[in-house]
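# Results of the structural survey
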Amino acid sequence: MSTDNTGNTDSSKDRADRGGDPNRRIAEAILPLVGGAANVTSVTHCMTRMRLGLADRSLVQDEPLKALPDVLGVVEDDTYQIVLGPGKVARVTPQFEALTQEAAEAEAQPAAATAASGGDTKGTGGEPAAGAAGSATTAKTADELAAEGAAIRAARKQKNATPVKLMLRRIANIFVPLIPALIGCGIVAGLNGLFTNAGWLPALTPALTAIASGFMSLIAVFVGINTAREFGGTPVLGGAAAAVIVFPGVADVSAFGEKLAPGQGGVLGALFAALLAVYVEKGCRRVVPSAVDVLVTPTVTVLVAGLVTLFGLMFVCGEIATGIGHLADWLLQHGGAAAGFLLGGLFLPLVMLGLHQALIPIHTTLIDQSGYTVLLPILAMAGAGQVGAAIAIYLRLRRNTSIRKTIRSALPAGFLGVGEPLIYGVSLPLGRPFVTACVGGAFGGGVVGLFYQLGTSVGSTAIGPSGWALFPLLKGNHGLGAIAAIYALGLAAGYVAGFVATYFFGFSKQMLNELNAAAQDEAATEPQPSAQPPASGGTDPAPAPAPAGGPGGTLA
């Protein structure tokens, strides 16, 4: 079946043409809209987004790309990120990578054609905009909100290009690739806990324990590998330096007058151990003669980084990790509802500032220590506030069918914790609804924080999912039923508070008039053709541009 590579490629294309692989069709639809294979310099993905490095950002056709049915939105940061949603992104990205490799050799001429057609597309896209201006000068449609969202993203990207935020982004790049394993092992751990508590399948639970715990016992090694790769070192040397932390024999080593424990320092120790290994390796490359480099550099790198890790980093990072755990517990134990209110309400502004990436190693440290992070379920309430706000916007803008159509398409993903389409396509460009959505997240976080103070902690065994998608990953200090009920209550509070705050305080009268102006103009133009049936049909082309001003509205 695989005797001829060329034959395999052609047959896969034929199957895709006949509808055999929907993920390949999605990739084929996306590729020309991002400038073709020659314009793609790198392809990776996280939980919900396919992240593309682009040679020329101007070749991307944003509006046609966002109009694709399977694209939930786009986010522009250090990479161009296409939101496809959980599950789908992991299937589409390999197809996209394969497609870029297949098309790379023949992309020179198509790239020029794509650039030319891109200009035509923008030109033709500009004409309806002019028609819209003529038909409704004060109306705002989903297209205009998307344009404002793109401008906000561009401004945020420029503000976030500071050394501190760039460093936080690099740290995030270390941990994001670990999320799929954290999710898979977390769900297995949840099943194992369910079977153990119920007394089911006693012969299987030890095997499930091994599967769930194996990755977590070696997570420091994976952090070391990713750290070295991110900072330009040899990945396996970073993993070797970090592996010292989880070696059982460290129990025979003393540092600062205390015996070390395997795993002490956790992911933070692994990160710093691998980072040290990178700098030692780079220093050796500069001074060691090439004839003996292959022997000297790895030896010195592992030896220096290993000794510093054993007699310094493990103890110091262990104290820091313990402090993080105590701080999170103290914050929610004493702050309760107030702490949850602040965390849930401020999370999305932290995302806008690019500071949320600092939370990733904190989450991972808490998971490494206690098996779950108590912060993620509280922060996930920010998405609940967005959903409630979107429903309120939908009801308040009854005449703006363009924005309502955007909300209808983005709302299911919002319930599952994919909030980018609602944030960047609706609430953030509108301004006040983004603030009221944050209020909804604050109330949801307050509910979860209150129950923590009352003695029931709600945590997540992995990072990444939120919304309804977080239910399979819930864990805490009580039974799964009680924990799930508290989390559901927090989501409900976020939905309701986001809805109420947005419905009553999310719009001024002027905003409502402007945002509903498009439908009023359509209502004014519709009676004219209906009052003059066939006779005026040939002499009344003037109303034709009006639907172009709000294509989403007329189709909805």
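Residues numbered from 1 in each chain as written. Predicted model: local features only at pLDDT ≥ 70, side-chain atom pairs only at ≥ 80, totals over all residues. Heavy atoms only, no water.

Moving on, we come to the packing of helix α10 (residues 219-230) against helix α11 (residues 235-246). As a packed pair, α10 and α11 sit with axes 7 Å apart at the nearest point and diverge in direction by 150 degrees. Considered as vectors, α10 and α11 are oriented roughly antiparallel to each other. Along this stretch, α10 crosses α11, giving a crossing that reads as right-handed. Contacts between α10 and α11 pair Ala220, Val221, Gly224, Ile225, Ala228 and Arg229 from the former with Pro235, Gly238, Gly239, Ala242, Ala243 and Val246 from the latter. Broken down by class, the residue content of the contact of α10 with α11 amounts to 8 nonpolar, 3 polar and 1 charged. (Axes fitted to C-alpha atoms, helices over the stretch in contact; angles between N-to-C directions. Helix = DSSP H or I, 4+ residues; strand = E, 2+ residues; numbered from the N terminus. Parallel < 35°, antiparallel > 145°, perpendicular 65-115°, else oblique. Left-handed = near helix turned anticlockwise from the far one by under 90°. Contact = heavy atoms within 4.5 Å. Nonpolar A, V, L, I, M, F, W, Y, C, P; charged D, E, K, R; others polar.)

In space, the 4 strands of this open sheet follow the order β1-β2-β4-β3, with antiparallel pairing throughout. Each edge of the open sheet carries a strand with a single partner, namely β1 (40-45) and β3 (73-76). Across this sheet, the average inter-strand angle for adjacent strands is 25 degrees, counted without regard to direction. Pairing of β3 with strand β4 (residues 80-83), which is carried by 4 bridges, proceeds in the antiparallel orientation. (Pairing = 2+ DSSP bridges.)

This next bit is on the pattern of salt bridges. All told, the structure shown has 8 salt bridges when counted by the stated rule. Glu28 is the salt-bridge partner of Arg24, the closest N and O atoms lying 3.3 Å from each other. Taken together, the positions of Arg24 and Glu28, both in helix α2 (residues 22-30) and 4 residues apart, correspond to about one turn of that helix. By relative accessible area, which is 4% here, Arg24 ends up buried. Put simply, Arg57 and Asp62 hold a salt bridge, and the shortest N to O gap is 2.9 Å. The network of salt bridges with shared partners includes Arg24, Glu28 and Glu102. (Salt bridge = Lys/Arg side-chain N within 4 Å of Asp/Glu carboxyl O. Buried < 20%, exposed > 50% of the residue type's maximum accessible area, 1.4 Å probe, protein only.)

A few words on the nonpolar core. In terms of nonpolar packing, the biggest core is built from 79 residues, with Phe175, Ile219, Val223, Ile393, Tyr487 and Phe507 touching the most fellow members. Per element, the largest residue contribution to this core is 7 residues, and it comes from helix α13 (residues 290-353). Setting aside its immediate chain neighbours within four residues, Phe507 contacts Ile393, Arg396, Leu397, Leu430, Arg432, Pro433, Thr502, Leu512 and Leu515. Within the second largest apolar cluster, 22 residues are counted, among which are Ile26, Tyr80, Leu84 and Val89. (Core = buried A, V, L, I, M, F, W, Y, C linked by side-chain atoms within 4.5 Å.)

This model, assessed by the stated rule, comprises 9 aromatic pairs. Aromatic pair Phe499 and Tyr503: ring centres 5.6 Å apart, planes at 25 degrees, arrangement stacked. Within this pair, Phe499 and its partner Tyr503 are both found in helix α20 (residues 480-505), separated by 4 residues, close to a single helical turn. You can call Phe499 partly exposed: its relative accessible area is 24%. Among the aromatic residues, those joined into a cluster by ring pairs are Phe415, Trp468 and Tyr495. (Phe/Tyr/Trp six-rings, centres within 6.5 Å; stacked < 30°, edge-to-face > 60°.)

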